[in-house]
Amino acid sequence: MHTALFAAVAAASLIVTAAHADIPSHPDAEAQALDLAEKAIALRSVRGPGNETPKVAELYRSALVAGGWADEDVVITPVDDTAYLIATWPGSDPSLKPVVISGHMDVVEAKPADWQRDPFTPVVENGYLFGRGASDMKYDGTLAIASLIELRREGYKPRRTIIIQFSGDEETTMKTSGIIAEKLANADLVLNIDGGGGTLDEATGKPLYFTWQGAEKTYADFQLTVTNPGGHSSRPHKVNAINELAAALVRIGNYQFKPEVSDLTRAYFINAAKYEDPKIGDAMQVFAADLTNAGAIATLSDNPETIGKIGTTCVATMINGGHALNALPQRATANINCRIFPGHPREAIMAELARVAADPAIKFEDVTAGSVATDASPMRPDLVAAMTKAMAAIYPGVPVFPSMASGASDSMWYRYHGTPSYGASPVFMKASDDFAHGLNERVPIANSRPAVDYYLMVVRDLSK
Ligand SMILES: [Zn+2]
């Protein structure tokens, strides 16, 4: 540990001490999590030539084996230019379904020229760990690994088998994610540490609230095609492929899918309302109580942060048509990208779009790649109790409530197999510090101590 880092950790632990009066610290686990995170960030686990994801897997594997996992219980499987890792800690009761902790090792590409610091050189400065993967999600992953090792060091014996797995292409094709979820489909539940998490107040830096993610919207792409016989542009006919398609796109653009709510999003609106700008917060409360309130729907629909939370959204993202400046178009195509509210099959949404387009000459085709439709995971009392109990001990008074994500994570593949999966990262951040996938990605290392406490409590509760 170098000096700057030591100072940062010391300062960071002062901040969290108050909330930790009764919880013993775990300095070995905290130090190991940061050390492993720095080593992992230094490995360029980006898809394509020179992909070092298999080296991240080796790094994690050696930590687990040194921490007491049997050699044969930590398996790395190569897939194309990447790899995935599944590590098993056998429980004493083999009749119980395992609890799975899910993460990923790959990161999004980062161009060093655009960054203030080299993205693949970890730097700890001003209480932050900087580097590609700092927040998505190498630090989260190593906090979980170090916590499991700590549990083992303390002599904990789980009744339920504990599996920790890392996919190797979550940010791109999700091929390994699909393979893992199929293999582990019999899990009792999955804690996906690449989702959920806590929010810090922008001004004070104090914890505001914690959400666990129980649902994700379904990604879909639909292609619309119009074909005409074409001809010379000096002799136009009534039907024109570009005009026909354009008219349909305007109808789709003006259409709003029926606003809806689930148990999970209702709980989110009621709890999150007080952290919003009062106008949005009021609309969230009103909408949660009355799905048909036109004023609330209008307010939430006008706000890009909330429109996706009240229903399915579809938007034109690409258009293509014609083949010459002086010819009638023989073909025009457009892509409509949808984010579907959980519970609707893609076919149903495509059929609804076709009704709205109201033109039988337009051919609709589902061209979605790499995504499957999923329902929300149930609001399981044991999961909610474990999250609530841990947060109450670590951050007394901080509200805990569910959320729905607009993008997909590895949970998509588990939910596809009917396995309950919950985004449950213990890391707290300011919204303004969220640079995942972007430049100068960073994470506050004051999270080390509370995150280890969280994993120790939650993993015990879900595996005992
Ligand atoms: Zn991620």
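All figures in this text were calculated on a predicted structure; none of them were measured in a lab.

Caption draft 1: Molecular detail of helix H8 (residues 278-289). For H8, spanning twelve residues, the distance from its first C-alpha to its last is 17 Å, which sits close to the expected 16 Å at 1.5 Å a residue. Listed in full, the buried residues belonging to H8 are Ile280, Gly281, Ala283, Met284, Phe287 and Ala288. Viewed along the axis of H8, the buried residues span an arc of 160 degrees, placing them on a single side of the element. Turned more than 90 degrees off the buried face of H8, the exposed positions are Pro278, Lys279, Asp282 and Ala289. Packed against the buried residues of H8 are helix H7 (263-272) and helix H9 (294-301). One side-chain oxygen of the residue at the start of H8 lies 3.0 Å from the amide nitrogen of Lys279, identifying that residue as Asp277.

Caption draft 2: Structural view of helix H10 (residues 346-357). Its twelve residues place the ends of H10 17 Å apart at the C-alpha level, agreeing with the 16 Å of an ideal helix rising 1.5 Å per residue. Contacts from the buried residues of H10 go to strand S10 (218-227), helix H6 (241-254), strand S12 (313-321), strand S14 (331-340) and strand S15 (363-366).

Caption draft 3: Layout of empty space enclosed by the protein. Summed over all chains, the structure comprises one cavity of 30 Å³ or more. Lining the largest cavity we find Thr265, Tyr268, Phe269, Lys309, Ser403 and Met404. Every element with two or more residues in the lining of the largest cavity is listed here: H7 and strand S16 (400-405). Per-element accounting of the lining of the largest cavity gives the leading share, three residues, to H7. Residue classes in the lining of the largest cavity are distributed as three nonpolar, two polar and one charged.

Caption draft 4: Spotlight on the packing of aromatic side chains. Per the stated rule, a full pass over the model turns up 16 aromatic pairs. Between Tyr128 and Phe130 the ring centres are 6.1 Å apart and the planes differ by 55 degrees, which places this aromatic pair in the tilted class. The class of Phe130 is buried, set by a relative accessible area of 9%. A ring pair is formed by Trp212 and Tyr422, whose centres lie 5.7 Å apart and whose planes are at 70 degrees; its orientation type is edge-to-face. Residue Trp212 is found in strand S9 (residues 207-216), and its partner Tyr422 is found in strand S17 (residues 421-423); the two are separated by 210 residues along the sequence. With respect to class, Trp212 is no different from Tyr422; both count as buried. Pairwise contacts between aromatic rings join Tyr209, Tyr268, Phe269, Tyr275, Phe287 and Phe401 into one cluster. Note that Arg442 overlies the ring of Tyr128, its terminal NZ or CZ placed 5.3 Å from the centroid.

Rules of the game
Residues numbered from 1 in each chain as written. Predicted model: local features only at pLDDT ≥ 70, side-chain atom pairs only at ≥ 80, totals over all residues. Heavy atoms only, no water. Helix = DSSP H or I, 4+ residues; strand = E, 2+ residues; numbered from the N terminus. Expected span 1.5 Å × (residues − 1). Buried < 20%, exposed > 50% of the residue type's maximum accessible area, 1.4 Å probe, protein only. Arc of directions from axis to C-beta. Contact = heavy atoms within 4.5 Å. Polar contact = N/O pair within 3.5 Å; in protein donor to acceptor, adjacent residues only side chain to side chain. 1 Å grid on protein atoms, 1.4 Å probe; cavity = no way out; pocket = protein on both sides within 12 Å on 5 of 7 lines; lining within 4 Å. Points joined across faces, edges and corners; volume = space filled by probe spheres on them. Nonpolar A, V, L, I, M, F, W, Y, C, P; charged D, E, K, R; others polar. Phe/Tyr/Trp six-rings, centres within 6.5 Å; stacked < 30°, edge-to-face > 60°. Lys NZ or Arg CZ within 6 Å of the ring centre and 35° of its normal.

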